[in-house]
Amino acid sequence: MAAGTIRPAVNQAQFTPLQYRRALLEAGRRRGIALEAYSPLGTGQHLSHEVVNRIARRTGRTPEQVLLRWCLQHDVPVISKSTHRERIAENAQIFDFALSEEDIAALDALDQTNGTHRALESNWW
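Here we summarise the structure given alongside this text. Values in this document were obtained by computation on a predicted structure and should not be read as measured data. (Residues numbered from 1 in each chain as written. Predicted model: local features only at pLDDT ≥ 70, side-chain atom pairs only at ≥ 80, totals over all residues. Heavy atoms only, no water.)

### Let's talk about the environment of Leu24
Next up, step 1: With respect to the helices, strands and loops of the structure, Leu24 is situated in helix H1 (residues 22-31).
Next up, step 2: By relative accessible area, Leu24 is classed as buried at 9%.
Next up, step 3: Here the alpha-carbon distance between Leu24 and Asn11, two residues 13 residues apart in the chain, equals 9.3 Å. (Helix = DSSP H or I, 4+ residues; strand = E, 2+ residues; numbered from the N terminus. Buried < 20%, exposed > 50% of the residue type's maximum accessible area, 1.4 Å probe, protein only.)

### Observations regarding unusual backbone geometry
Next up, step 1: A positive phi is found at Ser39, a non-glycine position, where the angle reads about 55°.
Next up, step 2: With respect to the helices, strands and loops of the structure, Ser39 is situated in the loop between strand S2 (34-38) and helix H2 (50-59).
Next up, step 3: Phi at Thr43 takes a positive value of approximately 50°, unusual for a residue other than glycine.
Next up, step 4: With respect to the helices and strands, the residue Thr43 is situated in the loop between S2 and H2.
Next up, step 5: When its relative accessible area of 63% is taken as the criterion, Thr43 is described as exposed.

### A short note on the pairing of strand S1 (residues 10-14)
The side chains of a regular strand alternate, residue by residue, between the two faces of the sheet.
Next up, step 1: Alternating residues of S1 divide into Asn11 and Ala13, all buried, and Val10, Gln12 and Gln14, none buried.
Next up, step 2: Relative to S2, S1 is paired through 5 bridges, and the arrangement is parallel. Bridge assignment links Gln12 to a residue of S2, and that residue is Glu36.
Next up, step 3: As for the winding sense of the linkage, the β-α-β connection from S1 through H1 to S2 is right-handed. (Pairing = 2+ DSSP bridges. Right-handed = clockwise from strand over helix to strand, strands pointing away.)

Below, the structure written as structure tokens:
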């Protein structure tokens, strides 16, 4: 990639409230590169997080739906994986509600990456 001359259209990275890579997201936006959320459920590890579950209970949604909706409200395309037909259908039910500003702020505050500024030390294409 160091010798590449064509700018990527999409940068796929793990993107969840606990891996909220703000700097990477903003750098991509400035360069016209979409960030696509990979593993938006944290390989299932984030489903039991207290904040995620509190928001899920209050909104009448599942933790999965909350995490997927959080990505969408950050204008990040999301890929979720399941082998269960019911979960696939459930995960698709994220377009008929919105998280409040308070919910988004609470989820944003879970970030453990400090924005991932190190990813911006040089061009990544």
